[in-house]
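Below, each chain spelled out in residue letters.
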Amino acid sequence: MFKNLGRCLFLTVVISSIAFGDWKSDANTRIENIRKRNLEISVVNSLGQPVGGITVQIKQIKHRFAFGTCIAYSPLLNNAAYRDFILGHFNWAVCENETKWGSNEPTRDNETYAQADYIYDWCNTNGIKMRGHCLFWEQVNGNFPEWLEDLPYATYPASSEMLSEVDERLTSAVNHFKGKFYNWDVDNEMLTDSFFTSRLGNAGIVHMFNAAKALDPDCGMFMNEYNGNSFGGYSSVNYVNRATTLIGLGATIDGYGIQGHLAENTSFQPQSYYDSVLQPLAVFGKPIWATEFDASHTDATISADNIENYLRICFSHANVEGIMFWGFMDGQMWRSNAALCTSTGSLTTQGVRYEAVMDEWTTEDSDTTDIDGNADFRGFYGTYEITLRSAGQSDETYTIELEPGATTALFEIQTNLTPPEPEYIPPTPNPMTWSSTPTATGQSTITMTATIATDDSMPVQYYFECTNDSSKNSGWQASTTYIAAGLSPSTLYTFRVKARDNALIPNETELSAPASARTMAPGANVELLGSWATGLNHAKEPGQNRILVFVAHGLSWGGADLTSVSYGGKPMTKVLEVDAGSSFGYQVAVFVLHDAYITSAIATNFSPSWTSTWGSYSYSSAFFSNVNQASLIGAYAGNNTASGTTITTSPLATDQGDMVIVAATGGAAGSYTLNNGFTEGTDQQFGSYWYATGVTGHKLGTGAPETPSATFSSSSEQAILGIVIKAVLPTYQTCTDVQNGGLALLSDISGDCYVNFGDLEIMSDYWLSNDCAANNNCEGADFEPIDGTVDFLDFGDFAVQWMQCNDPQGLNCIQNW
């Protein structure tokens, strides 16, 4: 048995994008919020106790939303493929012609509903709901009772022979289908024809709606129109005005039909339809139905696109409750090039697309009940078959209805199944191991990856523990990779990882060996992008500007003031301008381009425009965070430089953040050496770059050590530029500044910016401790390297820093202040 238990809070958020081109994303977001609901299935035994470890499969077998079609009597009677397609694809139906007045009373006072009754009985037997179309039709056509055309009439409420026949039609048809049809189209297409309106007046139309409602109060009475929503020129303005007029005269109107016959051989514009057709009608707060939809196009793929887009935009509107195809089988439809299947029932291109959309909007999922007997899902509204399974026992099947609601729907199912035998084996490997140990990927991020674990009870989850800051723990996650974020710069973090299986009571591995990484230091972070020859196409990253090095052959600045140059409307700050002074006219300018996006190397992107008398120019650039703090240190430029020349640039006395950019192009053939004067790992903290023909940009201090010198050669003349730029780092005046800047010494365990006996006392307390991971890394005493114990390695590094940096203002500790 099952029962609805109650309500849980679930907030629905409808998101809409301003961007017209993003209509599909917006529609899908609305669909997710207005067509689906969370549900929780609780499985209990006969005593009401939760049963965990039961596999719960949910399969949607019917939609609550109306996806339907019109049905014609003859093919329903004679074509099995016709019947089978309806049963496999639709949950609602409407008679194509069999409930129109001309079909029900072809001669006066001789009524017949035999064909309509056949269709209804077949639908009812197969669980298909029906709507009625139509009680009256303003157009005189083949489905209009000819005998009615010449009857005497008078404006309502005056009595007339025509009014008497209208009332007889209402009494007969509405009563005949009372309790069978869920809604009726009362007066069809009032915006394009006016047979009844011109004779009985608006008051007569109001009478039709109200009399029909009085005869069947539970049936929805609809207007139905194609004007403004079919065949192009989409707008509901006239429809809204007509409805407003009738409502103002007292008409009871329960809903609005938009026929949706799409314009032939055109591409449907869904956002325009949403804005101009659906939204205006939604002002009434009543249901909207697409009552006669078809999409005719000689290109089957475009027809399929139109079908999908129409379904999606209508399904995404909260007021739309149904979409009725006006036929589906080739040869049995009013319009050609729109069928979902052939005359034998085989899918067309349009039919394949329709099935794909229905699959997208049909929920099928499975979960295993937890120790509390609960399994959680989210699904589209409708009827579900629930299957419960447990190994070695017969399946149990139940049916539930997931109705609309803003809260989680709760269902309880009583089962005779018993949970599987528990297992107690944790995943492998155990203890857990690292696939890649923690590695700093920024000033505030460290990335790590666990070994992929295996277990009989999949899937496996992973938990990454930060031993010196529990707020950086990952929590249980499916991914083997964890990016710890929000970390402090220049700070050492230690992590361990474990895994657990998906058993009813999860089994966990032991924690891995600890592994550590130190986040990167604050300040400049340089990344070379692009090349001189090819230019650059790379978006800036948040908080970063760009250094632009522009080298030109015979460049003319056009008399521009280079202190006020812009690129793409973005201001540039000049930090250097060099004229090589050669007959070749090599010239170089170095700029800081703030918050910019370089898209090409074309000089005309700059303002004022730059030109090259020799027709060639090139540039390279680098991202450099905090580059707005950069200042020029020095430069070297030349051409026809003798082969074997060494270009040397030297760091300043306080050289943190120095960066070298060297450009070489053209000039005399020969071999040249760049010596940037920096010592790897000591002076060069943030990177040195050089560029020359056949030489790739390099960054010192990253990866394997590289020599600070480079030799390059070229078969052509050289013009060489060496530029040193310094990123000015913040200075620290107090111990608090040091700590906040993340530059405190590791050996300053107590955190007072002195390396002294206080720190030695902490080291002594944990001397030879072999469980530092459980003791918050032994309060930081297990620091070099972090290996789970405080030993001679830690004391060795501590002793060096104690001797050199016991006074934080001492010469050897200048980097901390």
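Predicted, not measured: the structure shown is a model, and the values here were computed from it.

**Q** Give me the lowdown on the pairing of strand E18 (residues 434-440), citing residues and values where you can.
**A** Relative to strand E19 (residues 446-450), E18 runs antiparallel, the two sharing four bridges. Looking at E19, one finds that Ala440 is bridged to Ile446. Between E18 and E19, which pair antiparallel and follow one another directly, the connecting turn spans five residues.

**Q** Report on the sheet that holds strand E23 (residues 515-518), specifying residues and quantitative values.
**A** With antiparallel pairing, three strands are arranged side by side in an open sheet as E20-E22-E23. Every interior strand has two partners, whereas the edge strands, strand E20 (461-466) and E23, have only one. Neighbour-to-neighbour, the strand axes of the sheet open up by a mean angle of 30°, direction not taken into account. Both strand E22 (residues 492-500) and E23 contribute to a ladder of four bridges, which runs antiparallel. Across the sheet, the residue bridging to Thr494 is Ser516, located in E23.

**Q** Pulling in residues and values, what's your account of the nonpolar core?
**A** Core analysis: the largest hydrophobic core is formed by 111 residues, its most contacted members being Phe196, Phe209, Ile258 and Ile386. If you look at the next biggest cluster of nonpolar residues, it comprises 19 residues, including Met432, Ile446, Ala484 and Ala499.

**Q** Tell me about the sheet that holds strand E13 (residues 364-368), and please be specific about residues and values.
**A** Pairing within the open sheet is antiparallel, and its four strands lie in the order E13-E3-E15-E16. Looking at which strands have only one partner, the edges of the open sheet turn out to be E13 and strand E16 (396-402). Sheet twist, expressed as the average angle between the axes of neighbouring strands with direction ignored, equals 25°. Here seven bridges tie strand E15 (residues 382-389) to E16, and the two strands are oriented antiparallel to one another. What sits directly across from Glu385, in E16, is Thr399.

Basis of the calculations
Residues numbered from 1 in each chain as written. Predicted model: local features only at pLDDT ≥ 70, side-chain atom pairs only at ≥ 80, totals over all residues. Heavy atoms only, no water. Pairing = 2+ DSSP bridges. Helix = DSSP H or I, 4+ residues; strand = E, 2+ residues; numbered from the N terminus. Axes fitted to C-alpha atoms, helices over the stretch in contact; angles between N-to-C directions. Core = buried A, V, L, I, M, F, W, Y, C linked by side-chain atoms within 4.5 Å. Buried < 20%, exposed > 50% of the residue type's maximum accessible area, 1.4 Å probe, protein only.

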